[in-house]
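Spelled out, the chains give:
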Amino acid sequence: MLQSFRTRHTSRGQLVMIAGIALLAAVIIFQITALSIQVVGHLNRLQSAGSDNTQWTLSQAEVEFLEFAHAVDLSSEAVEPDLDSVRREFDIFYSRIRTISSSPLYAGLQALSAFQEPLSETQAFLNASVERIDGSDTDLIAGLGALQSEIWGLRPTIRTLASSGLSYFARQSDEGRRAIASTLFWLAAISLLLFAALALLA
């Protein structure tokens with residue numbers, strides 16, 4: 001009878017242990033699933049940021065500003081200014097800055113004073129130049145000298161605009177990679193715990 005009691009006691013103890021290990025395994029599986037979802041989310045965000053070409057757009061804004069400046073320089077020195085080129089390059093640069101200032105992809109960047117200040121200064125220049133660019137050829141030719149001077153003064157601002165934006169997105173990319181590495185580390189550690197729990201359960 002005593003042996004039978006010990007057998008029943010041992011069986012109950014084993015059942016409790018098995019149930020505990022099974023519960024632990026279920027919790028670990030849940031954690032692994034949650035971490036896997038985090039990894040997928042991080043990868044999707046990195047892929048989305050790359051497909052939207054946010055950094056390329058910032059670099060291109062500086063290139064298009066220089067193209068506009070070059071067109072104004074050539075027209076200022078030419079006997080017959082190429083006003084169509086000046087207007088075309090202005091429109092391209094204006095469109096690029098408008099994209100940067102209105103796109104939600106740059107919302108976090110726009111909150112930084114190091115970026116917002118040169119962006120506001122650039123927008124002020126563009127808004128002030130619209131009437132001159134869209135005016136008559138005579139007025140535009142007469143204002144090329146002043147426009148050229150303003151553009152030269154704006155060059156450091158455009159450089160700051162592009163460099164601060166590129167630095168911001170570089171930091172974002174680094175933080176994203178560190179987050180993925182950390183999540184993968186914990187995923188591996190918890191997976192080892194799961195294997196150990198399953199071995200005990202077996």
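What comes next concerns the included structure.

Quick notes on the rules
- Residues numbered from 1 in each chain as written.
- Predicted model: local features only at pLDDT ≥ 70, side-chain atom pairs only at ≥ 80, totals over all residues.
- Heavy atoms only, no water.
- Core = buried A, V, L, I, M, F, W, Y, C linked by side-chain atoms within 4.5 Å.
- Buried < 20%, exposed > 50% of the residue type's maximum accessible area, 1.4 Å probe, protein only.
- Helix = DSSP H or I, 4+ residues; strand = E, 2+ residues; numbered from the N terminus.
- Contact = heavy atoms within 4.5 Å.
- Axes fitted to C-alpha atoms, helices over the stretch in contact; angles between N-to-C directions.
- Parallel < 35°, antiparallel > 145°, perpendicular 65-115°, else oblique.
- Left-handed = near helix turned anticlockwise from the far one by under 90°.
- Nonpolar A, V, L, I, M, F, W, Y, C, P; charged D, E, K, R; others polar.

Quick word on the nonpolar core
Among the nonpolar cores identified, the biggest contains 29 residues, and Phe68 and Ile151 are the most heavily contacted of them. Elements with a contribution of two residues or more to this core: helix 2 (54-77), helix 3 (83-102), helix 5 (113-134) and helix 7 (144-201). In terms of residue count, the dominant contributor to this core is helix 7 (eight residues). Ignoring anything within four residues of it in the chain, the contact list for phenylalanine 68 reads Val86, Glu89, Phe90, Phe125, Leu147 and Ile151.

Looking at the packing of helix 2 against helix 3
Between helix 2 and helix 3, the least distance of the axes is 9 Å, while the angle of their chain directions is 155°. By the angle class used here, helix 2 and helix 3 are roughly antiparallel. At the point where helix 2 passes helix 3, the crossing takes the left-handed sense. Residue-level inspection shows Trp56, Thr57, Leu58, Gln60, Ala61, Glu64, Phe65, Glu67, Phe68, Ala71, Val72 and Ser75 of helix 2 in contact with helix 3, the latter providing Leu83, Ser85, Val86, Glu89, Phe90, Ile92, Phe93, Arg96, Ile97 and Ile100. Along the lines of polarity and charge, the residues of the contact of helix 2 with helix 3 split into 14 nonpolar, four polar and four charged.

Geometric values such as these leave the question of function open.
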